[in-house]
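Coordinates in review
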Amino acid sequence: MNEQTPVTTAPAAKAPKLPNTETVTEVKHYTDRLFSFKCTRPASLRFRSGEFVMIGLMGDVNPKTGKQVPLLRAYSIASPSWDEELEFYSIKVQDGPLTSKLQHIKPGDEIFLKPKPVGTLVHDALIPGKRIWFFATGTGFAPFASLLREPQTYEDYDEVIITHTCREADELIYGRNIIESLKEDELLNDVIGEGFWKKIKYYPTTTREESAKMGRITDLINSGEAYKDLGVEPLNPDNDRAMICGNLAFNLELKDMLEAAGLEEGANSKPAQYVVEKAFLD
């Protein structure tokens, strides 16, 4: 009987990492329409809290050319500028070119990320004030998830008001979890000051499903109900600064309301009293 050489199974070679890709580290699903995920952060990436980057996945094979190209979309970075990982908050669109695929990612998968952050929802685009309003609908909460964990927010303002309007109550879970987590965040409480989160006034509303507060934030402001609920004075250019991130109709309506109150739109090149994220469409 001849001696046989033991057969060893060599581990499969790991596929080479494609350029501009990062690895997914965590995925959380909140509803059948909403999820968040985290991925590794490029060592060279520097961004200001509130900015966005282009992320995506490889698209389907083009039947004519036989080639694949990346599907990229603008996504606000939901994590603060100091975080070691990047966080994103997304909708799920079953027939959407990107989100129909993105909603199925899992830890270990790779996504494309162009490390060139841009955006208007940054503190540099506003002049000093006493109170800042964050106005969001749907996944437009993402940049404010970043800014709510940014120490400068609490250094610059005495009061932080975050409004979040969604159709259904479950769509408010992500934002509520972020705000609740601030109370237990030892790092932020140490860096900013114990109890910094008490500066926040959170005002969630729904438009379809019954909840503690029903109605569009624009209607609640116009009627004065929001001011009464929050215990604050009406918007004015002397004290108030604002950032807007929502669907196009919402953005335009709020722009008109802020300008009627005397606030002027700012930009990185010319800071003023409010800014709008034009890249976001809920």
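For the structure itself, look to the data block above.
Procedures and definitions
Residues numbered from 1 in each chain as written. Predicted model: local features only at pLDDT ≥ 70, side-chain atom pairs only at ≥ 80, totals over all residues. Heavy atoms only, no water. Pairing = 2+ DSSP bridges. Helix = DSSP H or I, 4+ residues; strand = E, 2+ residues; numbered from the N terminus. Axes fitted to C-alpha atoms, helices over the stretch in contact; angles between N-to-C directions. Contact = heavy atoms within 4.5 Å. Expected span 1.5 Å × (residues − 1). Buried < 20%, exposed > 50% of the residue type's maximum accessible area, 1.4 Å probe, protein only. Core = buried A, V, L, I, M, F, W, Y, C linked by side-chain atoms within 4.5 Å. Domains from an automatic or database assignment.

Bringing the sheet that holds strand E10 (residues 240-245) into the picture now. Strand pairing in a sheet relies on backbone hydrogen bonds, with the paired strands running either antiparallel or parallel. With parallel pairing, the five strands of this open sheet are ordered in space as E9-E8-E7-E10-E11. Each end of this open sheet is capped by a strand with a single partner; those strands are strand E9 (200-206) and strand E11 (274-276). Sheet twist, expressed as the mean angle between neighbouring strand axes with direction ignored, is 10 degrees. Bridging between E10 and E11 involves three bridges; their strand directions are parallel. By the bridge assignment for E11, Ala 242 is matched with Tyr 274. Taken strand by strand, helix H8 (residues 248-260) contacts strand E7 (131-137), E10 and E11, and its axis lies near 165 degrees from that of E10.

For the rest of this paragraph, the subject is H8. One turn of an α-helix holds 3.6 residues; hence residues three or four places apart share an orientation. For H8, which comprises 13 residues, the first-to-last C-alpha distance of 18 Å matches the rise-based estimate of 18 Å (1.5 Å per residue) to within 8%. Of the positions making up H8, those classed as buried are Phe 250, Asn 251, Leu 254, Lys 255, Met 257 and Leu 258. Where H8 is buried, its residues contact E7, helix H6 (217-222), E10 and E11.

For Thr 99, the position within the fold is in helix H1 (residues 99-102). Not counting residues up to four positions away in its chain, the partners in contact with Thr 99 are Tyr 75, Ser 90, Ile 91, Lys 92 and Val 93.

Formed by 33 residues in total, the largest nonpolar core has its most connected members in Phe 134, Phe 141, Phe 144, Leu 148, Tyr 174 and Met 243. Of all the secondary-structure elements, those providing two or more residues to this core are strand E5 (85-91), E7, helix H2 (142-147), strand E8 (159-166), helix H4 (173-184) and E10. Here this core takes five residues from H4, the largest share from any one element. Each of domain 1 (21-118) and domain 2 (123-278) accounts for three or more of the residues forming this core. Dropping the residues within four chain positions of it, Phe 141 is found in contact with Ala 136, Leu 148, Ile 162, His 164, Tyr 174, Gly 175, Ile 178 and Ile 179. Ile 217, Leu 220, Leu 258 and Tyr 274 belong to the second-largest nonpolar core, a separate cluster that totals 21 residues.

Turning to the side chain of Arg 149, a few remarks are in order. The residue Arg 149 is located in the loop between H2 and helix H3 (151-156) in this model. Note on Arg 149: relative accessible area 11%, which makes it buried. Residues in contact with Arg 149, not counting those within four places in the same chain, are Ala 78, Ser 79, Pro 80, Trp 82, Glu 87, Tyr 174, Ile 178, Leu 182 and Leu 188.

On to the sheet that holds E5. One open sheet accounts for six strands, arranged E4-E3-E6-E1-E2-E5; its pairing is antiparallel. The open sheet is flanked by strand E4 (70-76) and E5, the only strands paired with a single partner. Across this sheet, the average inter-strand angle for adjacent strands is 35 degrees, counted without regard to direction. Strand direction decides the pairing type here: strand E1 (residues 21-29) and strand E6 (residues 110-118), joined by three bridges, are antiparallel. Its bridge partner lying in E6, Thr 23 is registered against Glu 110.

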